Amino acid sequence: MTYMYEYPEYLKIKLPKKTAGRYPAYELYLYGEGSYAEENKNLLLTGIPVLFLPGNAGSYKQVRSLGSIALRKAEDIDFKYHFNFFSVNFNEELVALYGGSLQRQTKFVHECIKVILKLYRDREFAPTSVAIVGHSMGGLVARALLTLKNFKPELINLLITQATPHVAPVMPLDKYLTDFYTAVNNHWILKAQDLRNLTTLSVAGGFRDYQVRSGLAFLPRLSQDDSALSVVSSAVPRAWASTDHLSIVWCKELILATIRAFFDLIDENTRQITEDPKKRMSVLNHHFVKHPAKIFEENPEAFTELTGAFMWITIKASKWTYSVYNDSDGKYFTFPLASHRKSYSHVYCENSMLDTSSWIYGCMNSNSSMCLEATDLSWRAELLPTTKVVILKLQDHPSLSHIVIQVPPTVGNKYTLDCEFFKEDSRTVQLPVTHLFSFGLSSSKILLNSTGLLYNVQLQHFNQIYQAFKIYIESHCQSLKERKPSVYRLHIPWSHEDSIIVAKVPSFTEISAKLHIAQPQNDSTVPELNIYSSSDCQYEVILKTSLLQVLGQIIRFHAGALPVYVVSNILLTYGGQLSTLMSTGQCSDFSLELVRTAKPYKVEPLISIVVFLQGFNWFREIWESLSLPEVDAAVLSSQDAWFPLVSLILFLFGTGIAYWSGVFFSTSLRLFSSLWLTLIRPTVLQKDNKLITPRRLCGVLSLALVSWTTCGAFAVFIVYLQYLFKVAKLHVSVRAEQNMLNGDSDCSKETSQNSSIHTVKNQSSMDSTSKATQSLSNSTTIAEAINSLKMHITILNLFTWIVLLNLPSLIYWLKNLRYNVRLDPDPCRSTALILVCILEILMNSSTSEMKSSKLLKIAAKVPLPLSVAMLAFGRMHLYKVPHFVTFSFLLHVLCCIV
């Protein structure tokens, strides 16, 4: 975690009146600390501009980690170069859940870029572009700049995004959000040639980021792959750790890598970020992909002179170890390659001294034991947590005659050098992964009797995102001497998502193996477990399927679709209650009906058949001719993020959530009614034959006006509270009537007993008969009220999910109420207008009105196809869910009227 040396200050930049008036909720700030902040108050800036864009509900103050580390780095070089970090205040808007303000934010950032560049006008080294760092949705807003008609692409040449969901929204809650994503991604694919001068880096947080899975943070594959790079933080050199969604902004190791990259990107001539795209990609690869443990050089010298009065020692052995401690004499160790080329295919060397100096060289055609000029092979090294390693394929270097290891004089330093020649086949072991349905009962096992320093365990058939394994590595050594730690790296060749673990020797280590991205169809590479081992130690590798990790992958990739499955279950239950009402005249209980009717075989097979048929051209042509949208499951299958059992598991999860939410709702209603009966005298059940009255019509018009002039979600929420109150009141009245009926029944029994003692039998008989008739009438009324109550509870369950799905736009509207009374654009205004009219009738309806309806049979059958359609088209478009539910409510209202 980063920290500040001085108190952070944020200087507000004055915007043009037109811009400030158009975007009153947004602001632009300049970051500073101490004397640097004082100097910049007059805005005479001379640095390199970098603009930070916060994400969903993010603060402009999140720029402080980048700004502070960059300031310290500039102080170290006496401000030869320095950066000015700007930050945009988006009023902490919930743009990940409400897409209506994304376009507004994009246009404001465009205005900010123009304002920033004007601050450097008439400077000696005035910038012509701005580098952008975007966190979360801020990165998407930065990419959206290229879609603006008046935006000049040359205004930005470097874009770094942190945990940004580039591929699709995490929760597609409104059409504006999905349309924004479609426009941005289509533009970047179709206009790829126009973006060739823009270098983009996307850094994902890894498995600890529970808000944005790393698969969404990988940039869409473009034709110009040389200008875009996507990495996971666990694979970034010197970070090697996963981060959560917020800590990626202040993770010290990632911030240091970013700032080092910024300074290496500076062009000495222009004193700005280089305009050379190749250099920009070289720098980013150096700091974020493969770090050679050397300071970046744009054009390293091809040959290096090996000078110094060092001792030259020839090593002919195939395996060599040398420990250095307080060595006052420098040495060159030479390894002749001629004698090893026939027997071995590779040479591997490692150095535990993690400095940035060169240490390994290659001599060309040298016949002597000395080499005065050599090529620097240190650039081929790779930095690991405890060592730096070089692996050379001898066949790729036919001109090399010797390998030279340099050991400079050291005082007080202790480190170890190891080299060995090996055949690739002898160090590569294949380990087939266990089947998904082994449930961890079976395992794959190999035993490595290590005589070398490196082993590659190929994980066969490990290529899908729903696969998840536990890998156990147990190391045993013959002697108890102190050994260097082992490094285990899970290497995924088709994406930069490696994970690295350091373990003591001997030890027992557990590694989780799962993927962020499935293997592309045209890729034949195999994931590997690289074991950087200690010699003379034994390594046992055991691999098992982890059922919990598999379920975790399903939730990670498809949790956003859970509301669709919950609503689908409740909708099937609602249809079952209507069918029961039609056949028996009684409305069944929610929980019992859910268990009876919410079955996955009713909805899943049809969707699977459609997905299968869409693989045929003739069916796809018919589907498109009907103007039907593509089934979401087919889209997910094309992205390798779907398999048949996923939907079944999600459906079962949805059933569980629907069941327990129903139990919670009923229990809460019962407790509330008990409290009501204790404190307030209940009202008597009244039968209202009129569904529409002047008073209710005024209420509908008032709420429709609220929806149109303010926020649709606000009107829906008001109707929800009104409906909730009606249902609670009905529940209280039913319980009160039941209590009264039980009391009358007891009184009737007592009267009949007294009448047998007295002589006036006829009168007693008449009284008891009238009371029995009244009791029967009350029982019928209560039974009808109970039926209506059960139906209202189910409707209210459905309506609750509509309110939850519309809640983000309501929160957004409330937060921005001081700037604008009307939410514009409003994703649920039209739906709200319909729901207000429907629910005002529904909350006053009863089941007795439906029993005789001619439309009841249709209304009972419609929820099943609606559930199928909801699962087919709502998984990736949650905003469509209220439309299906509203249609079902509309049929219910028609049943009450017709």
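Here is a short report on the structure shown in this document. Bear in mind that the values here come from a model prediction, so they are computed numbers and not experimental data. (Residues numbered from 1 in each chain as written. Predicted model: local features only at pLDDT ≥ 70, side-chain atom pairs only at ≥ 80, totals over all residues. Heavy atoms only, no water.)

## A few points about the overall build of the protein
Moving on, step 1. Helix and strand counts for the protein stand at 25 helices and 30 strands.
Moving on, step 2. Taking the principal axes of its C-alpha atoms as reference, the protein extends roughly 135 × 70 × 60 Å.
Moving on, step 3. A burial count over the protein gives 55% of its 898 residues as buried.
Moving on, step 4. Each charge class in the protein can be summarised by its mean position, and for the 83 positive and 72 negative side chains these summaries are 8 Å apart. (Helix = DSSP H or I, 4+ residues; strand = E, 2+ residues; numbered from the N terminus. Buried < 20%, exposed > 50% of the residue type's maximum accessible area, 1.4 Å probe, protein only. Lys, Arg positive; Asp, Glu negative; His and termini not counted. Charge placed at Lys NZ, Arg CZ, Asp CG, Glu CD.)

## Some details on the packing of aromatic side chains
Moving on, step 1. Scanning the model with the defined rule gives 33 aromatic pairs in all.
Moving on, step 2. Between Tyr659 and Trp660 the ring centres are 5.3 Å apart and the planes differ by 90 degrees, which places this aromatic pair in the edge-to-face class.
Moving on, step 3. The ring of Trp188 carries the charged tip of Arg143 above its face, separated from the ring centre by 4.6 Å.
Moving on, step 4. When the ring centre of Phe207 is taken as origin, the NZ or CZ atom of Lys514, which lies over that ring, is 4.7 Å away. (Phe/Tyr/Trp six-rings, centres within 6.5 Å; stacked < 30°, edge-to-face > 60°. Lys NZ or Arg CZ within 6 Å of the ring centre and 35° of its normal.)

## Comments concerning unusual backbone geometry
Moving on, step 1. Note that the residue after Val505, namely Pro506, is joined by a cis bond; omega there is -5 degrees.
Moving on, step 2. Within the secondary structure layout, Pro506 lies in the loop between strand E27 (499-503) and strand E28 (507-514).
Moving on, step 3. At the junction of Asp824 and Pro825, the peptide bond is cis and its omega measures out at 0 degrees in the coordinates.
Moving on, step 4. Among the secondary structure elements, Pro825 is positioned in the loop between helix H20 (761-815) and helix H21 (829-842).

## Structural notes on the sheet that holds E28
Moving on, step 1. Taking strand neighbours across the sheet as the criterion, the 4 strands line up as E23-E30-E25-E28 in an open arrangement whose pairing is antiparallel. Only two strands of the sheet have a single partner each, and these edge strands are strand E23 (443-449) and E28. In this sheet, neighbouring strand axes are inclined to one another by 15 degrees on average, regardless of whether the strands run parallel or antiparallel.
Moving on, step 2. Note that E23 and strand E30 (residues 537-545) share 7 bridges and pair antiparallel. Considered in E30, the bridge of Lys445 is made with Ile542. (Pairing = 2+ DSSP bridges. Axes fitted to C-alpha atoms, helices over the stretch in contact; angles between N-to-C directions.)

## Focus on the pattern of salt bridges
Moving on, step 1. Scanning all chains against the criterion turns up 20 salt bridges.
Moving on, step 2. Taking the shortest distance from any N to any O, the salt bridge between Arg489 and Glu382 comes out at 2.6 Å. Taken together, the residues span a long stretch of sequence, with Arg489 in strand E26 (residues 486-491) and Glu382 in strand E18 (residues 382-383) at a distance of 107 residues.
Moving on, step 3. For Arg489, a relative accessible area of 9% translates into the label buried.
Moving on, step 4. Its salt-bridge partner being Asp826, residue Arg829 comes within 3.7 Å of it at the nearest N-O pair. (Salt bridge = Lys/Arg side-chain N within 4 Å of Asp/Glu carboxyl O.)

## Here we look at the sheet that holds strand E19 (residues 388-393)
Moving on, step 1. Taken together, the 5 strands give an open sheet; going across it, the order is E13-E21-E15-E19-E18, and neighbouring strands pair in antiparallel fashion. Of all the strands in the sheet, just strand E13 (319-325) and E18 have a single pairing partner and so form its edges.
Moving on, step 2. Across 6 bridges, strand E15 (residues 346-351) lies against E19 in antiparallel orientation. Following the sheet pairing, Asn351 is matched in E19 by Lys388.

## Examining the pairing of strand E16 (residues 360-364)
Moving on, step 1. With 4 of 5 residues buried, E16 lies mostly within the body of the structure.
Moving on, step 2. As defined by bridge partners, E16 adjoins strand E20 (residues 400-407) across 5 bridges and the pair is classed as antiparallel. Bridge pairing in E20 links Gly362 to Ile403.

## Structural notes on the pairing of strand E8 (residues 228-232)
Moving on, step 1. With 4 of 5 residues buried, E8 is to be regarded as a mostly interior element.
Moving on, step 2. Alignment of strand E7 (residues 199-204) against E8, held across 5 bridges, turns out to be parallel. Each bridged residue has a counterpart across the sheet, and for Thr200 the counterpart in E8 is Ala228.

## As for the nonpolar core
Moving on, step 1. Core analysis: the largest hydrophobic core is formed by 98 residues, its most contacted members being Val631, Tyr723, Phe799 and Phe889.
Moving on, step 2. The element that contributes the greatest number of residues to this core is H20, accounting for 13 residues.
Moving on, step 3. Once residues within four sequence positions are removed from consideration, Tyr723 is found in contact with His792, Ile795, Leu796, Phe799, Leu839, Leu842 and Met843. (Core = buried A, V, L, I, M, F, W, Y, C linked by side-chain atoms within 4.5 Å. Contact = heavy atoms within 4.5 Å.)

## Remarks on the environment of Ser702
Moving on, step 1. Residue placement: Ser702 occurs in helix H18 (residues 694-709).
Moving on, step 2. Taking the C-alpha atoms as reference points, Ser702 and Val836, 134 residues apart in sequence, are found 9.7 Å from one another.
Moving on, step 3. Side-chain polar atoms of Ser702 contact the backbone oxygen of Cys698, separated by 2.8 Å. (Polar contact = N/O pair within 3.5 Å; in protein donor to acceptor, adjacent residues only side chain to side chain.)

## Remarks on a nonpolar patch on the surface
Moving on, step 1. A grouping of Phe612, Phe616, Trp618, Ile622, Leu626 and Leu628 is seen on the molecular surface, where their side chains present a nonpolar patch of about 630 Å² in accessible area.
Moving on, step 2. Structurally, the position occupied by Trp618 is in helix H15 (residues 617-625). (Patch = residues over 30% accessible without salt bridge, like charges linked within 9 Å, V, L, I, M, F, W, Y side chains within 5 Å. Areas by Shrake-Rupley, 256 points an atom, 1.4 Å probe, with all protein chains shown as cover.)

## Some words on the side chain of Thr19
Moving on, step 1. Residue placement: Thr19 occurs in helix H1 (residues 17-22).
Moving on, step 2. Leave out the neighbours within four places in its chain, and Thr19 touches Phe108 and Glu111.

## Structural notes on the packing of helix H13 (residues 590-597) against helix H17 (residues 644-679)
Moving on, step 1. Packing of H13 against H17 leaves a shortest axis separation of 9 Å and a crossing angle of 170 degrees. The angle between the axes of H13 and H17 places the two elements in the roughly antiparallel class. H17 is crossed by H13, and the crossing has left-handed handedness. Listed contacts from H17 to Phe590, Ser591 and Leu594 of H13 are Thr655, Ala658, Tyr659, Gly662 and Val663. (Parallel < 35°, antiparallel > 145°, perpendicular 65-115°, else oblique. Left-handed = near helix turned anticlockwise from the far one by under 90°.)

Note that every value here comes from positions in space, so none of it alone points to a role or purpose.
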